[in-house]
Amino acid sequence: DTEVTQTPKHLVMGMTNKKSLKCEQHMGHRAMYWYKQKAKKPPELMFVYSYEKLSINESVPSRFSPECPNSSLLNLHLHALQPEDSALYLCASSQGQGPDTQYFGPGTRLTVL
Amino acid sequence: EDQVTQSPEALRLQEGESSSLNCSYTVSGLRGLFWYRQDPGKGPEFLFTLYSAGEEKEKERLKATLTKKESFLHITAPKPEDSATYLCAAEGPGTYKYIFGTGTRLKVLA
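Residues numbered from 1 in each chain as written. Chains lettered and ligands numbered in written order. Predicted model: local features only at pLDDT ≥ 70, side-chain atom pairs only at ≥ 80, totals over all residues. Heavy atoms only, no water.

With respect to the overall build of chain B
When its secondary structure is counted, chain B shows zero helices and 11 strands. Counting from the amino terminus, chain B carries its helices and strands in the arrangement β-β-β-β-β-β-β-β-β-β-β. Taking 110 residues into account, the globule formula puts the C-alpha radius of gyration at 13 Å, and chain B, at 13 Å, falls close to it. Reported as C-alpha extents along the three principal axes, the dimensions of chain B are approximately 40 × 30 × 20 Å. Across the 110 residues of chain B, 45% fall into the buried class. Put simply, of all contacts in chain B between residues at least 6 apart along the chain, 55% involve residues at least 24 apart. Counting only carbon and sulfur atoms, one obtains 48% of the accessible surface of chain B, whose full area is about 5,400 Å². Computing the positive centroid from 14 side-chain charges and the negative centroid from 15, chain B places the two 2 Å apart. (Helix = DSSP H or I, 4+ residues; strand = E, 2+ residues; numbered from the N terminus. Rg over C-alpha atoms; globule rule 2.2 N^0.38 Å. Buried < 20%, exposed > 50% of the residue type's maximum accessible area, 1.4 Å probe, protein only. Contact = heavy atoms within 4.5 Å. Areas by Shrake-Rupley, 256 points an atom, 1.4 Å probe, with all protein chains shown as cover. Lys, Arg positive; Asp, Glu negative; His and termini not counted. Charge placed at Lys NZ, Arg CZ, Asp CG, Glu CD.)

Given below as C-alpha cells:
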C-alpha cells in the first residue's frame, strides 16, 4: 500500500483565519514533505521532515508553519494567508534513504479570499 | 545549475497513435529519475524510478528509459484514459530534493 491521505480536500479561508492541513501515511516512511502547486506548474518544495525533524525549509513565509507530531503525521498550520497563497497543497512521503521515491497524497485545494 | 526540461509542452494523439515524451536533465551526480502522472486537481501518481543509464521499466502501455542525458516515456497504443500531465523529476546529490520538469500535457482523442 502506497497511500498518503490528506484532509481536508478543499479549504476556503479568509486572510485573518487560522486553519490546518493534515497528512498521514502508514508506510513506515521516515521523510515527509509539503509542496505547493499552482495551475500548470510543477510542485514547489516547501518543507521536508526527516525522522520527525525539520530538514529543509525552502525560505517559506512564516505564515506557513509545519509540524510533525510523529512519524506518520504531518501538519501545515496556516495563518494570515494572502490570496496568492491559493494553490493545491501536496503532501508526500518517502523511505528517507536516497535515492528515494516520493509518494504523493491527493492534495488540499486551498482558496484564500 | 541543475535543470530538468520536458518536451513537448503539450501533445495531442489519436487513440492508438504511439509516441514518446522527453525529459532532458543536467544534474550532476544523478541518483534517481522519477516519472509521475498527474490528473487535474489531484496529486502526482508514481509511475517509475530509474537509477542508471540503460535501465528500462514497463507498466501496461508505458515504458520508461534512461540515458546519461535524458529519459523517455514511450506510450504504446494510448487510450483516452492516458490523458494527463506527465512529470519527470531528478534527484541529485542533495537528499530529498527533486528537480521537477514543467511537465507534458497529453491528450488522447478517441
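A word on the state of the cysteines
Scanning all chains against the criterion turns up two disulfides over all chains. A disulfide bridge connects C23 of chain A with C91 of chain A, and the sulfur atoms are separated by 1.8 Å. With the S-S dihedral at roughly -70 degrees, the linkage between C23 of chain A and C91 of chain A falls on the left-handed side. Pair noted here: C23 of chain A is in strand β3 (residues 18-25) and C91 of chain A is in strand β9 (residues 87-94), with a separation of 68 residues, a long-range link. C91 of chain A shares its class with C23 of chain A; the two are buried. Residue pairing for C23 of chain B: its cysteine sulfur links by disulfide to C88 of chain B, the two sulfurs lying 2.0 Å apart. Between C23 of chain B and C88 of chain B the disulfide shows an S-S torsion of about 80 degrees. By sign, it is right-handed. In this pair, C23 of chain B is assigned in strand β3 (residues 19-26) and C88 of chain B in strand β9 (residues 84-91), connecting sequence segments 65 residues apart. Residue C88 of chain B is classed as buried on the basis of its relative accessible area, which comes to 0%. Residue C68 of chain A stays outside any disulfide, its sulfur separated by 9.3 Å from that of C23 of chain A, the closest cysteine. Among the residues examined, C68 of chain A registers a relative accessible area of 13% and is labelled buried. (Disulfide = S-S within 2.5 Å.)

Let's talk about the sheet that holds β3 of chain A
Residue and element names in this part refer to chain A. Pairing in this open sheet of four strands is antiparallel, and the strands run β1-β3-β8-β7 from one edge to the other. Looking at strand neighbours, the two that pair on one side only are β1 (4-7) and β7 (64-70), the edges of this open sheet. Adjacent strand axes in the sheet meet at a mean angle of 20 degrees when their direction is disregarded. The pairing of β3 with strand β8 (residues 73-79) spans seven bridges and is classified as antiparallel. Bridging from a neighbouring strand, S20 pairs with H77 of β8. (Pairing = 2+ DSSP bridges. Axes fitted to C-alpha atoms, helices over the stretch in contact; angles between N-to-C directions.)

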